[in-house]
Structures are given as C-alpha cells and as structure tokens.
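Here's the letter readout for the chains.
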Amino acid sequence: MIKVNIDGCKSFVKDADYGKYLKKALDAFDVLDSEKGAGNDFLGWKTLPVDIPESLIVECEAIRDNWAAKKVDLVVVIGIGGSYLGARCALEALSHGFIRKEGVPQIVFAGSNLSEEYLAELMDLAAIRNVACVVISKSGTTTEPAVAFRIVKEYIEKTYGKAEAAERIVAVTDAARGALKTLATQEGYKTFVVPDNVGGRYSVLTPVGLLPIVLGGFDIRAMLKGAADEREALLVKSEDNAAVKYAAMRNLLYSELGKKIEVLVTFNPKFQYLGEWWKQLYGESEGKDLKGIFPASVVCTTDLHSMGQFIQEGDRVMFETTVTVENSNRELVIGSDEQNLDQLNYLAGQRVEHCNAMAQLGTKLAHIDGDVPQLEVSIERINEYNLGAIFYFFEFACGVSAYTLGVNPFNQPGVEAYKKNMFALLRKPGYEAQTEEILKRI
C-alpha cells in the first residue's frame, strides 16, 4: 500500500495548524465519499478497480493476440492529455529502458503535439515497420490527435488496404456519439468505450490506459488489483488515511506558508512520466478560480545538476513531494579499481541503489535546511500492482485536496481558451468574427 510521510514538514508547521487542515481534509473526504460535491457526475473513476469486468480484459488481450499473429511490431497510440499520459507512465515505468521484449511491439505515441517534424519522423519509422494504431478520443475532433490520426489512418489504408486497415485500427471513444464513434462504426473498427462519468485525467484504469498497457506486454489484472486494494484502504476515514494526510499538509503549506509550487521528485528515471501524468491530474483539477498549487516535477539525481541550485537557494515558494521506491528490481554492485583514480574505492562492494538512497536522504536534509518542506510518498517497488495503487492514490488524494481547496476537481473550463484563438487563426469555419478580432491584436 501507499505510505505518506509528512515528518519533513513538521519543522515548518504548527501542530494546531496541521490539526485545522486535517479537519478540512476530513470534511473534504466526506464530500468525495458522499458524492454530493461539485463535479459529482464525474466520479466513475472511484469504482473502476472493482468495476472493470474480466470480459474487457479478455477483449484487450484478443487485440494483442490478433496483432501478434499479424506480426505487428509498431503500435501508434494517438491521444492527448489523459488519453495518453497514464499509459505512457505505465509503459515507461514497466519496460526495460533499452531493450524491447521479444514478441512485443514497440509502443509510440502521437497526437499530443502539432510538431511537423515529430509526425514526419514517426511516419519514417512506420515506413519500415509493421504498423497498427490505437486512437483515443471522446469526440474525435480534438485538433492534435485528429491531425495525427488522419495522417496515420491514411498511411495504414494505403499500405494494407481498407479492409485490413479495419483490423489494424482500434478506437477508444464515446459509447454512442462523436466523430470518431461515427467513423469507427462506418469502417468497422473494434471499439472500446470511455465511460461518460470518467474524465480524461482520471481514465488510466479504463481502456484508455489498459489497452496500451496490455499491448506493451504487461499484467493489467495485477494493476487493477493494486488499485482495488489501495481503494479499500483509502475508503476508511481516519486521520492516518494516506490521501487525507497528503491533502491536509499540501493545503496547509499552500494556504498558510505561501508555498505555491509543489515539485514531484523521483530518484528513478522510470518514473519521469509519473511526473507528467501527475502534473496534468493536479494542474487541471486544482488550477482554477485563481487558486491552486503549481505542479512541477524533477528526476534526480539528474536534475540536482540543473534545478538543484534553484530548489536549494531560489525563491522560497515551493515544497517537494518525493516518490520513494523502497526496493529496486535489479541489483548492481560497484567494483574495486586498483588505481582508484576516480576515488570511488570507498564505495566498492556497495549496491548502486544504496548510493541512490543516500543521495535521496542527503538531498532531503539539505532541502529542509534550505527551507523546502518535504513530503514523501512510498511504494514497495515498481511493478503493475504498485502502479495501480499509486494511480488510485493520487486520484483519490486529488479529489480530497481540491475539495479542501474549495474548487471542483473534475472540470477544466480554462483549457478551451487557446483552442478558440487557434481555430480563429486557422480560419476554421464559424470563427470568422474571432479571426478579425485576433488579427487586430497581433
């Protein structure tokens, strides 16, 4: 189970203040638990770990097996935001960093940007590989994934023919409406449903995340089991509830100490995309009504040689939450060298992970001395079970934290502003008036 340690904040806060925010967080827990708060029509994620049927898992595995029979060795997953970040986080965390598993396709992502070079280079790769595609979109009209899908779809149809293309494209979309659902029905694509009551950033435990993770060769039953066990633990209302503790302390640091930036820290590069997923989850959930803690992330010890100076001695507006992996899945021991020119013989016989753990502890102490409060979220090791648990933990804690802050955790009205300007500048039909107004401004 996920553990939360707030001891690295205790020298910064008063017990009475923590007690006050603990009460606020417990009240917010009640709002989330009762499902009567703002955005309560988007709470389907709460029961996903126990609601996903075995039949859905079997359907995902059938796609995997069908494409394996076709010797597909490249799967392009198209989506943006919550439609790809959870899957990418899981795949980056679980996969070998350098070697692709035999018989498992390479999973690449598109539709999260409008870079011409990125898409062109992706198509260079597709030209020398055996390709299939998973396209993820509720509407099918979001610009970035829609552009990518149009290009990838055209390539697959030209290369394999329309009939075979229908076997190589899977759509994860709305159950009944939208451009992608209409196209999938017309073309005969296999489809999976994005539930109406689950927002994109909470969707990693739906087919949005589960299908790509299965295609990557990993065990989603274990992931759902980890999430289910974490759910069971978090549904117990108490002052020791990990989500309540996390929500209480981060809101105290923000509201009483002016710590407006939370830096999610990992000392394992496999969790780089955990930071990216977490940033969307908390940024979109809390950043509204002129409120919110700005989410940032670093990967250490790498970023101690770039961002470390600012964190140690820059503007004192931040606190850190370190995700600790208690046990490594590998073992590598530092050897001895006769010349000892690098002066590392004092480490001979030590595991590399021991050095990493001491770097983490040393950093924590240095940053506390530098007026940066420290929270810690711990998992036992990186595997499917614990990834399911940490996904669910952060989702549940986000709901509690946002209600503590006094905002709706499940809407994101601000993300539409740039789109209106972009559509006007691209002269999309229906935006003519906005085009003229924008042209006057630039």
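Shown above is the structure to which this text applies.
Computed from a predicted model, the values in this text were never measured in an experiment.

### As for the environment of arginine 100
Logical step 1: For arginine 100, the position within the fold is in the loop between helix 4 (85–94) and strand 3 (106–110).
Logical step 2: Residue classification places arginine 100 among the partly exposed residues on the basis of a relative accessible area of 43%.
Logical step 3: Sequence separation between arginine 100 and glutamine 374 is 274 residues; the distance between their C-alpha atoms is 36 Å.
Logical step 4: Ignoring sequence-local partners within four residues, the contact set of arginine 100 consists of Asp73, Pro105, Gln106 and Arg129.
Logical step 5: Within polar-contact distance, the side chain of arginine 100 engages the backbone oxygen of valine 104 at 2.8 Å.

### Let's talk about the pattern of salt bridges
Logical step 1: According to the stated counting rule, one finds 28 salt bridges in the structure shown.
Logical step 2: Between lysine 23 and aspartate 27 there is a salt bridge, with the nearest N and O atoms lying 3.1 Å from each other. Linking lysine 23 with aspartate 27, this pair stays in helix 1 (residues 15–34), spanning 4 residues, or about one helical turn.
Logical step 3: Put simply, lysine 138 and aspartate 196 hold a salt bridge, and the shortest N to O gap is 2.8 Å. Remark: aspartate 196 occurs in the loop between strand 6 (190–193) and helix 9 (207–215) and lysine 138 occurs in the loop between strand 4 (131–136) and helix 6 (143–160); sequence separation between them is 58 residues.
Logical step 4: Among the residues examined, aspartate 196 registers a relative accessible area of 44% and is labelled partly exposed.
Logical step 5: Look at the salt bridges and you will find they share partners, linking Lys138, Asp174, Arg177 and Asp196 into a network.

### Observations regarding the packing of helix 16 (residues 417–425) against helix 17 (residues 432–441)
Logical step 1: Packing of helix 16 against helix 17 leaves a shortest axis separation of 8 Å and a crossing angle of 95°. In terms of orientation, helix 16 and helix 17 fall into the roughly perpendicular class. Between helix 16 and helix 17, the contacting residues are Asn421, Ala424 and Leu425 on the first element and Gln434, Thr435 and Ile438 on the second.
Logical step 2: Split by residue class, the contact of helix 16 with helix 17 holds 3 nonpolar, 3 polar and no charged.

About the thresholds
Residues numbered from 1 in each chain as written. Predicted model: local features only at pLDDT ≥ 70, side-chain atom pairs only at ≥ 80, totals over all residues. Heavy atoms only, no water. Helix = DSSP H or I, 4+ residues; strand = E, 2+ residues; numbered from the N terminus. Buried < 20%, exposed > 50% of the residue type's maximum accessible area, 1.4 Å probe, protein only. Contact = heavy atoms within 4.5 Å. Polar contact = N/O pair within 3.5 Å; in protein donor to acceptor, adjacent residues only side chain to side chain. Salt bridge = Lys/Arg side-chain N within 4 Å of Asp/Glu carboxyl O. Axes fitted to C-alpha atoms, helices over the stretch in contact; angles between N-to-C directions. Parallel < 35°, antiparallel > 145°, perpendicular 65-115°, else oblique. Nonpolar A, V, L, I, M, F, W, Y, C, P; charged D, E, K, R; others polar.

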